[in-house]
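Coordinate inspection notes
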Amino acid sequence: MFAAALISYGHEFWLQPVKYFISAGERMTARFVVGENFQGEPWDLKKHRIEKLEVHEAAGMRSVIDSLNIEAGLFQSSFADAGTKMLVIQSNSAFIELAGDKFNEYLKEDGLDEVYAVREKAKLLQAPARELYSRHSKLFIQVGDKLDDVYQKIAGLPIEIVPTKNPCELKKGDEVHFHVIFKGKPLFGAKVRIWNRFDNRTTIQNIYTEKDGSISMRISNSGAWMVSVVKMVPSQDSKADWQSYWGSLVFGIK
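First, a word on scope: everything that follows refers to the structure included in this document.

Quick notes on the rules
Residues numbered from 1 in each chain as written. Predicted model: local features only at pLDDT ≥ 70, side-chain atom pairs only at ≥ 80, totals over all residues. Heavy atoms only, no water. Helix = DSSP H or I, 4+ residues; strand = E, 2+ residues; numbered from the N terminus. Rg over C-alpha atoms; globule rule 2.2 N^0.38 Å. Buried < 20%, exposed > 50% of the residue type's maximum accessible area, 1.4 Å probe, protein only. Contact = heavy atoms within 4.5 Å. Areas by Shrake-Rupley, 256 points an atom, 1.4 Å probe, with all protein chains shown as cover. Salt bridge = Lys/Arg side-chain N within 4 Å of Asp/Glu carboxyl O. Axes fitted to C-alpha atoms, helices over the stretch in contact; angles between N-to-C directions. Left-handed = near helix turned anticlockwise from the far one by under 90°. Nonpolar A, V, L, I, M, F, W, Y, C, P; charged D, E, K, R; others polar.

What follows is about the overall build of the protein. Summing up its helical and strand segments, the protein has three helices and 19 strands in all. What you see for the protein is a C-alpha radius of gyration of 18 Å, in line with the 18 Å of a compact globule of 254 residues. With the C-alpha coordinates of the protein rotated into their principal frame, the extents come out at 55 × 40 × 35 Å. The buried share of the protein, reckoned over its 254 residues, is 52%. A separation of at least 24 residues holds for 66% of the contacts in the protein among residues at least 6 apart in sequence. By element, 49% of the accessible surface of the protein is carried by carbon and sulfur atoms, the whole surface being about 12000 Å².

The next thing to look at is the pattern of salt bridges. Summed over all chains, the structure comprises eleven salt bridges. The partner of glutamate 26 in a salt bridge is lysine 19, and the shortest N-O contact between them spans 2.6 Å. You can call glutamate 26 partly exposed: its relative accessible area is 25%. With its nearest N and O atoms 2.9 Å apart, the salt bridge here joins arginine 62 to glutamate 57. We classify arginine 62 as partly exposed; its relative accessible area is 33%. Its relative accessible area of 16% is what places glutamate 57 among the buried residues. Here the residues in one salt-bridge network are Glu12, Glu109, Asp110 and Arg193, joined through shared partners.

At a closest axis distance of 8 Å, the pairing of helix H2 (residues 100–109) and helix H3 (residues 113–121) adopts a crossing angle of 145°. For the pair H2 and H3, the crossing hand works out as left-handed. In this structure, H2 uses Gly100, Phe103, Asn104, Leu107 and Lys108 to contact H3, whose residues at the interface are Val115, Tyr116 and Arg119. Residues belonging to the contact of H2 with H3 are distributed by class as follows: four nonpolar, two polar and two charged.

Structure representation (structure tokens):
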């Protein structure tokens, strides 16, 4: 029971498409997933509400939240115009309470050392923790061959990952930088995870952000890629001790 709850609140969240590269007019299907090892389980959209679902493209931004299939946990759409499409997702804040030892394990796993230090100094390591958590994700889809600079756009999420190159034009061997922004400012010292799912295997690399919130990485394989990060701060809501913000960015390499 606890394991199921842990998957539902912790770990990475993303929108997983059937294809990252499609033709103009072709139907795109993607499912909402959460979990470990860049595989995940379906995310219950009845329980965890999606508050924002937008498509950002050269022509501007439009909300597509009405296109959600809540029962199936899917988003389906087609794009008449070629170009790079950036899908932006934000969830509501959900609540969970964890036993002290489980919460401490989670803090260590995700590099949340500042929160652990606060609990340790206050002699609260054995105390349970109440947490509000929300999810914020980007997915890049390339329609046709036309590339554009929509990837540079700041979408205004509480936590956001911004690439310095268009993810849809990256190839094996390319180097790329990402900037992590929290509440409009560069996030320094955050543990960023780089995931690659290729040939039925998942590889992962951990990198900490520089003072300007940046990390650099090299594309080592084809397949699906995800950049993920989490930031936790004291909660402004009296019903929780902490508020965490989970961010991710997903793209594919041919």
